[in-house]
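Fold and contact review
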Amino acid sequence: MSEHTVTSMHAKCIVIDSKEALVTSANFTEAAQVRNIELGLLVKSSAIATQIEEHFQGMIQNEVLSRLPLLSMEKSS
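Residues numbered from 1 in each chain as written. Predicted model: local features only at pLDDT ≥ 70, side-chain atom pairs only at ≥ 80, totals over all residues. Heavy atoms only, no water.

This part is about the confidence of the model for the protein. The predicted model of the protein has a mean per-residue pLDDT of 81, with 78% of residues at 70 or higher. Predicted confidence in the protein is weakest over helix H1 (residues 30-35), with a mean pLDDT of 78, and strongest over helix H2 (residues 46-61), with 94. (pLDDT = per-residue confidence, 0-100. Helix = DSSP H or I, 4+ residues; strand = E, 2+ residues; numbered from the N terminus.)

Pasting the structure below:
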């Protein structure tokens with residue numbers, strides 16, 4: 001991969017209060033929850049949850065990842 005290649009990462013992970021982490025293949029949409037067969041792992045470990053959180057924060061600080069703006073859930077009229 002060249003240094004100018006743009007890539008994206010589609011992470012499906014939630015860290016809750018630095019105590020638990022949900023890592024899953026599921027999309028967080030109603031349609032995905034109803035139609036798809038997915039697998040998720042809930043990790044109840046502060047040490048692992050903190051490592052995941054620090055990993056993502058480090059990638060953001062090193063500009064490997066960038067935050068995307070949140071889309072408004074409201075319909076525009």
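The subject of this paragraph is the sheet that holds strand E2 (residues 20-24). Reading across the sheet, the three strands line up as E1-E2-E3 and stay open at both edges, with antiparallel pairing between neighbours. The open sheet has two edge strands, strand E1 (13-16) and strand E3 (40-43), and neither has a second partner. Sheet twist, expressed as the mean angle between neighbouring strand axes with direction ignored, is 10°. Alignment of E1 against E2, held across four bridges, turns out to be antiparallel. (Pairing = 2+ DSSP bridges. Axes fitted to C-alpha atoms, helices over the stretch in contact; angles between N-to-C directions.)

Time to look at the side chain of Thr 24. Secondary-structure assignment places Thr 24 in strand E2. On the basis of relative accessibility, which here comes to 15%, the residue Thr 24 falls in the buried class. If we skip the residues at most four places from it in the chain, Thr 24 touches Lys 12, Leu 39 and Gly 40. (Buried < 20%, exposed > 50% of the residue type's maximum accessible area, 1.4 Å probe, protein only. Contact = heavy atoms within 4.5 Å.)

The next subject is H2. Helical geometry: 3.6 residues make up each α-helical turn, so side chains three or four residues apart lie on a common side. Here H2 spans 22 Å end to end across 16 residues, near enough to the 22 Å set by a 1.5 Å rise per residue. Among the residues of H2, Ala 49, Ile 52, Gly 58 and Met 59 are the ones counted as buried. Where H2 terminates, the next one or two residues include Glu 63, which has phi positive at roughly 60°. (Expected span 1.5 Å × (residues − 1).)

Our next topic: unusual backbone geometry. Residues other than glycine seldom take positive phi values, yet Asp 17 does so here, at roughly 55°. Note on placement: Asp 17 falls in the loop between E1 and E2. The phi dihedral of Ser 18 is positive, around 55°, even though this residue is not glycine.

Another point: the pairing of E2. As consecutive antiparallel partners, E1 and E2 are separated by three residues, and within that stretch Asp 17 has a phi angle of approximately 55°, a positive value. The pairing of E2 with E3 spans four bridges and is antiparallel. Bridged to Ala 21 within E3 is Val 43.

Take a nonpolar patch on the surface next. On the surface, a nonpolar cluster with roughly 350 Å² of combined accessible area is contributed by Ile 14, Ile 16, Phe 28 and Leu 42. Positionally, Phe 28 belongs in the loop between E2 and H1. (Patch = residues over 30% accessible without salt bridge, like charges linked within 9 Å, V, L, I, M, F, W, Y side chains within 5 Å. Areas by Shrake-Rupley, 256 points an atom, 1.4 Å probe, with all protein chains shown as cover. Salt bridge = Lys/Arg side-chain N within 4 Å of Asp/Glu carboxyl O.)

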